[in-house]
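Okay, here's what each chain looks like letter by letter:
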Amino acid sequence: MSSENLPQSPERAESPEPHGRKPRVAVVFGGRSSEHGISVVTAGAVMKAIDRTKYDVLPIGITTDGRWALTADEPERMAITDRKVPDVDRLAGAAEGSVVLSVDPGSREVVYTEPGAVPKALGEVDVVFPVLHGPYGEDGTLQGLLELSGVPYVGAGVLASAVGQDKEYMKRVFISFGLPVGPYEVVRPREWDNDPAAARKRIVDFAGEHGWPLFVKPARGGSSMGITKVGDLSGLDAAIEEARRHDPKFLVESLLRGREIECGVLEFEDGPRASVPAEIPPVTAHDFYDFEAKYIDSATGLVPAPLTEEQTAEVQRLAVAAFDAVSCEGLVRADFFLTEDGTFVINEINTLPGFTPISMYPRMWQESGVDYPELVDRLIQAALTRSTGLR
């Protein structure tokens, strides 16, 4: 992609704005995690929803090897087609150039460079809308870069992003705040590498205490990738191998029998509020609510969840409590089990939840009176009014 053919920004707004222009939103997507493809899908939906009369949009895709690439503003190319997710490498084409964001907090300039060419300034960015899922994006790494650069961004800060990505420490924080958490066991990389037999015995003892089946999952992943439901000892090693393919640290969780309930949290001017909850019904074509059920086969949830008023109020209370416990900002989706004895147990939170047209977070807020374009606008406006640094 030559500098002459760079995607052009929309026309400037005529209304008086800071610097005489509309705020520029950099939508950053893709990334190095195994959730690269669904991040691209999410970015396409967000870009479609951004009000172009209010904002300029700069699409920045991160390739699977970590290069920041300038891509065309073409959301229609970022959808799942023929059961395949898109990727940044295809969107960027043969272009070899890279996008660089200044780490000087006095400058929000974005520069495009390509081999043998003079760097081209693309103008300043006013806010970043990160839609990266998983490590190297949702885990505080990108948030740290943006803090160094002094660029406001949508969503949780460095600490909340890191805690929200690591299921071990997320559960530890929840427990310290008195939130109900199910039984789990953590196996760290050194434990498995130094003595896999001892680590395996701990898991078998855990199964002896809590029963089969178990769920084996990466500690720092999402979109249900790398998760295996294990019915007995014979499937354990393969499940561990699959989890470790995504993350050298993994968790083992007991099966909680009950209903899967989700609840969205959105930060308003007066503080965080919870959406109506949703229920994920049993997915008959899949062993559990895995990646294909969520995104490929478009398994649908029930919005609102068929709960009593008391149950709805309780799960909303717990969702906001989880948001506050981790010091989140912007948005969170909190996932729960409503167990057979009628109590809620929190499974996890997502600080950058799925934002595709079929994702549960936007659907819950749609049912709560905040449609998709308004949801995107609220998140951008909140980020524009929030400073970087200690707050």
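What counts, and at which threshold
Residues numbered from 1 in each chain as written. Predicted model: local features only at pLDDT ≥ 70, side-chain atom pairs only at ≥ 80, totals over all residues. Heavy atoms only, no water. UniProt positions renumbered as here; feature names shortened; annotations may be inferred. Axes fitted to C-alpha atoms, helices over the stretch in contact; angles between N-to-C directions. Helix = DSSP H or I, 4+ residues; strand = E, 2+ residues; numbered from the N terminus. Parallel < 35°, antiparallel > 145°, perpendicular 65-115°, else oblique. Contact = heavy atoms within 4.5 Å. Nonpolar A, V, L, I, M, F, W, Y, C, P; charged D, E, K, R; others polar. Pairing = 2+ DSSP bridges. Salt bridge = Lys/Arg side-chain N within 4 Å of Asp/Glu carboxyl O. Buried < 20%, exposed > 50% of the residue type's maximum accessible area, 1.4 Å probe, protein only. Polar contact = N/O pair within 3.5 Å; in protein donor to acceptor, adjacent residues only side chain to side chain. Phe/Tyr/Trp six-rings, centres within 6.5 Å; stacked < 30°, edge-to-face > 60°.

Per an unreviewed UniProt entry, the protein chain goes by the name D-alanine--D-alanine ligase and belongs to Streptomyces pakalii. The Sequence similarities (unreviewed entry) field of the UniProt record for the protein chain holds the comment "Belongs to the D-alanine--D-alanine ligase family." Comment text from UniProt for the protein chain, heading Pathway (unreviewed entry), reads "Cell wall biogenesis; peptidoglycan biosynthesis."

*Asks:* Would you mind showing me how to read the packing of helix H4 (residues 158–165) against helix H5 (residues 167–176) here?
*Replies:* When two helices pack together, their arrangement is captured by the angle between the axes and the distance separating the axes. Running from amino to carboxyl end, H4 crosses H5 at an angle of 105°, the nearest separation of the two axes being 5 Å. If you check the angle between H4 and H5, you find them roughly perpendicular. From H4, Val-163, Gly-164 and Gln-165 reach across to H5, where they touch Lys-167, Tyr-169, Met-170 and Val-173. Of the residues that constitute the contact of H4 with H5, the class distribution is four nonpolar, two polar and one charged.

*Asks:* Any chance you could explain the sheet that holds strand S9 (residues 214–218) here in plain terms?
*Replies:* Strand pairing in a sheet is mediated by backbone hydrogen bonds. Such pairs are either parallel or antiparallel. Strand order in this open sheet of four strands is S8-S11-S9-S10, and the pairing throughout is antiparallel. Strand pairing shows two members of the sheet lacking a second neighbour, strand S8 (184–187) and strand S10 (228–230), which therefore form its edges. Neighbour-to-neighbour, the strand axes of the sheet open up by a mean angle of 25°, direction not taken into account. Strands in contact with H5 are S8, S9 and strand S11 (250–254); relative to S8, the strand with the most contacts, it is inclined by about 140°. With respect to the sheet, helix H7 (residues 196–210) is in contact with S8, S9 and S11, its orientation differing from that of S8 by roughly 175°.

*Asks:* In this structure, what is going on with the pattern of salt bridges? I would like to understand it.
*Replies:* Any two side chains of opposite charge can pair, so long as their charged atoms come close to each other. A full pass over the atoms with the stated rule returns 32 salt bridges. Among the salt bridges present, the one from Arg-259 reaches Glu-279, with a minimum N-O distance of 2.8 Å. With Arg-259 in strand S12 (residues 258–268) and Glu-279 in strand S14 (residues 278–280), this residue pair connects regions lying 20 residues apart in the sequence. Of the charged contacts in the structure, one is a salt bridge between Arg-391 and Glu-329, with a shortest N-O distance of 2.9 Å. Taken as a pair, Arg-391 in the segment after helix H12 (372–384) and Glu-329 in the loop between helix H10 (309–325) and strand S15 (331–339) lie far apart in primary sequence, 62 residues in all. Connected via shared salt-bridge partners are Glu-147, Glu-267, Glu-329, Arg-386 and Arg-391.

*Asks:* Any chance you could explain the sheet that holds strand S1 (residues 24–30) here in plain terms?
*Replies:* Ordered by their spatial adjacency, four strands build an open sheet running S3-S2-S1-S7, and the pairing between neighbours is mixed. Either end of the sheet is taken by a strand with one partner, and the two such strands are strand S3 (68–70) and strand S7 (127–130). Within the sheet, the average angular offset between the axes of one strand and its neighbour, ignoring direction, is 30°. Examined bridge by bridge, strand S2 (residues 56–62) and S3 share three bridges and lie antiparallel to one another. Residue Ile-60 lies in a different strand from S3, and its bridge partner there is Leu-70. The strands touched by H12 are S1 and S7; relative to S7, the strand with the most contacts, the crossing angle is about 135°.

*Asks:* Help me understand the pairing of S11 in this model?
*Replies:* One face of the sheet, then the other: side chains in a regular strand alternate in exactly this way. Of all five residues making up S11, five are buried, and the element is well covered by its neighbours. Residue alternation in S11 divides its side chains into two sets, Phe-250, Val-252 and Ser-254 and Leu-251 and Glu-253, and both sets are buried. Here S8 pairs with S11 via four bridges, running antiparallel. Residue pairing in the sheet places Tyr-184 in a bridge with Glu-253 of S11. Where S9 lies against S11, five bridges are found, and the strand directions are antiparallel. Within S11, the residue paired with Phe-215 across the bridge is Glu-253.

*Asks:* Any chance you could explain the side chain of Arg-21 here in plain terms?
*Replies:* Checked against the element boundaries, Arg-21 lands in the segment before S1. On the basis of relative accessible area, Arg-21 is assigned to the buried category, the value being 11%. A distance of 2.5 Å separates the side chain of Arg-21 from the side chain of Asp-126, its partner in a polar contact.

*Asks:* I keep staring at the packing of aromatic side chains and nothing clicks. Help me out?
*Replies:* Within the structure shown, the criterion is met by six aromatic pairs. On the numbers, 6.2 Å between centres and 80° between planes, the contact of Phe-336 with Phe-344 is edge-to-face. For Phe-336, a relative accessible area of 3% corresponds to the buried category. Phe-344 gets classed as buried once you look at its relative accessible area, which sits at 7%.

*Asks:* Please explain the packing of helix H1 (residues 36–49) against H12 as it appears in this structure.
*Replies:* Here H1 crosses H12 at 95°, and the two axes come no closer than 9 Å. The angle between the axes of H1 and H12 places the two elements in the roughly perpendicular class. Contacts between H1 and H12 involve Ala-45, Val-46 and Ala-49 on the former and, on the latter, Tyr-372, Pro-373 and Val-376. Classifying every residue of the contact of H1 with H12 gives six nonpolar, no polar and no charged.

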